[in-house]
Amino acid sequence: MNIHIRQARPDDAPTVFALVQKAFEQEEHSDHQEQFLVEKLCLSTGFIPELSLVAELDHKLVGYILLTKIKIVNENSKTSYTSLALAPIAVSPEFQGKAIGSKLIAEAHRIAEQLQFGSIIVLGHADYYPKFGYKKMIEYGIKMPFDAPNENCMLIELRQGALAGVSGTVSYPKEFGIQ
Ligand SMILES: CC(C)(COP(=O)(O)OP(=O)(O)OC[C@H]1O[C@@H](n2cnc3c(N)ncnc32)[C@H](O)[C@@H]1OP(=O)(O)O)[C@@H](O)C(=O)NCCC(=O)NCCS
């Protein structure tokens, strides 16, 4: 299977919308609004075009991943560290389980590192992201701005020690509708 990962183009937007909607349709832990989140994030200041990626199979879009900027804020030291949030990743239901998600994550990591980002946070499946090196946020003294099981709140350092001295609470941009 020849999967090609490339940067999403503006004209991919309707296909990406439908793909994300479909992928999350059967997801238990979903508000089924992820397709709208993508629309909003792609217009936000945290959007990085190089980190909005589609997976193509025979010119058909079968997967999508988006990494956007967030901050880790420490109220005590009044410091703020820029990181990335992985949200969402989606693979068309009929193409799941064929390593397309893995390829999207690997390519997103590669590009994020190239762009000098040090870390990525994610709220997601506790048994999926550790395959790619994600660890529990709590181990780094970093927490989400809402209550969620520790096992679902994860992060990865793209360079060893990238988060040395960084702790605090994740601050999502308003597009996530969290504040
Ligand atoms: C999660 C998702 C992106 C994974 O994409 P995928 O292409 O099916 O994943 P891969 O084929 O690369 O799977 C890699 C590994 O993760 C496992 N895996 C896949 N989906 C998983 C899930 N939801 N939970 C736990 N493990 C999962 C696979 O079995 C595989 O394991 P293996 O390496 O031991 O064989 C895809 O299933 C999807 O779009 N799901 C609906 C949307 C969603 O839940 N997004 C993530 C929100 S946190």
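Heads up: these notes are all about the structure in this document. Everything numeric here is computed off the predicted structure, so don't read it as measured data.

### Considering the overall build of the protein
Scanning the protein from N- to C-terminus turns up 3 helices and 9 strands. Mapped in sequence order, the helices and strands of the protein form the string β-α-α-β-β-β-α-β-β-β-β-β. Its C-alpha atoms give the protein a radius of gyration of 16 Å, near enough to 16 Å, the size a compact globule of 179 residues would have. The C-alpha extent of the protein, read off along each of the three principal axes, is 50 × 30 × 30 Å. Of the contacts formed within the protein by residues at least 6 apart in sequence, a portion of 67% connects residues at least 24 apart.

### Some words on the environment of K136
Within the element layout of this structure, K136 appears in strand β6 (residues 135-136). With 16 C-beta atoms counted inside 10 Å, the residue K136 sits in the partly exposed group. Separated by 14 residues in sequence, K136 and V122 place their C-alpha atoms 9.7 Å apart. Every residue in contact with K136, bar those within four places of it in the chain, is listed here: N150, E151, C153 and M154.

### Focus on the environment of G97
Positionally, G97 belongs in the loop between β4 (79-91) and α3 (100-114). C-alpha separation for the pair G97 and H29, spaced 68 residues apart in sequence, amounts to 19 Å.

### Some words on unusual backbone geometry
Negative phi characterises most residues that are not glycine, and trans characterises most peptide bonds. Put simply, A87 and P88 share a cis peptide bond, and its omega is -5°. As for its placement among the helices and strands, P88 is situated in strand β4. At A99, a position not held by glycine, the phi torsion is positive, near 70°. Considering the arrangement of structural elements, one finds A99 in the loop between β4 and α3.

### A short note on the site of the ligand
Near the ligand, the surroundings consist of 19 residues, among which Q96, G101, S102, G124 and Y128 are the closest. Only α1 (13-24), β4 and α3 provide two or more residues apiece to the shell around the ligand. It is β4 that contributes the most residues to the shell around the ligand, 4 residues altogether. Split into classes, the residues belonging to the shell around the ligand amount to 9 nonpolar, 6 polar and 4 charged.

### Focus on the nonpolar core
Grouped together as the largest cluster of nonpolar side chains are 47 residues, with contacts concentrated most on Y64, I65, L67, A85, L86, I120 and V122. For this core, the secondary structure elements donating two or more residues are α1, α2 (34-41), β2 (52-57), β3 (60-74), β4, α3, β5 (119-123) and β8 (153-157). Among residues more than four places away in sequence, those in contact with Y64 are A8, V16, L19, V20, V54 and A90.

### Focus on α2
Buried within α2 are the following residues: E34, V38 and L41. Along the axis of α2, the buried residues cluster in a sector spanning 70°; they form a single face. The inward-facing, buried residues of α2 abut α1, β3 and β4.

### Digging into the pairing of β2
Direction of pairing for strand β1 (residues 3-7) relative to β2: antiparallel, over a ladder of 5 bridges. In the strand pairing of β2, H4 is matched with E56. Pairing of β2 with β3, which is carried by 6 bridges, proceeds in the antiparallel orientation. Bridging from a neighbouring strand, L53 pairs with I65 of β3. The turn joining β2 and β3, which pair antiparallel and follow one another in sequence, is formed by 2 residues; a positive phi near 50° is taken by D58.

Rules and cut-offs
Residues numbered from 1 in each chain as written. Predicted model: local features only at pLDDT ≥ 70, side-chain atom pairs only at ≥ 80, totals over all residues. Helix = DSSP H or I, 4+ residues; strand = E, 2+ residues; numbered from the N terminus. Rg over C-alpha atoms; globule rule 2.2 N^0.38 Å. Contact = placed C-beta atoms within 7 Å. Buried ≥ 20, exposed ≤ 12 C-beta atoms within 10 Å, placed from the backbone. Near = placed C-beta within 6 Å. Nonpolar A, V, L, I, M, F, W, Y, C, P; charged D, E, K, R; others polar. Core = buried A, V, L, I, M, F, W, Y, C linked by C-beta atoms within 7 Å. Arc of directions from axis to C-beta. Pairing = 2+ DSSP bridges.

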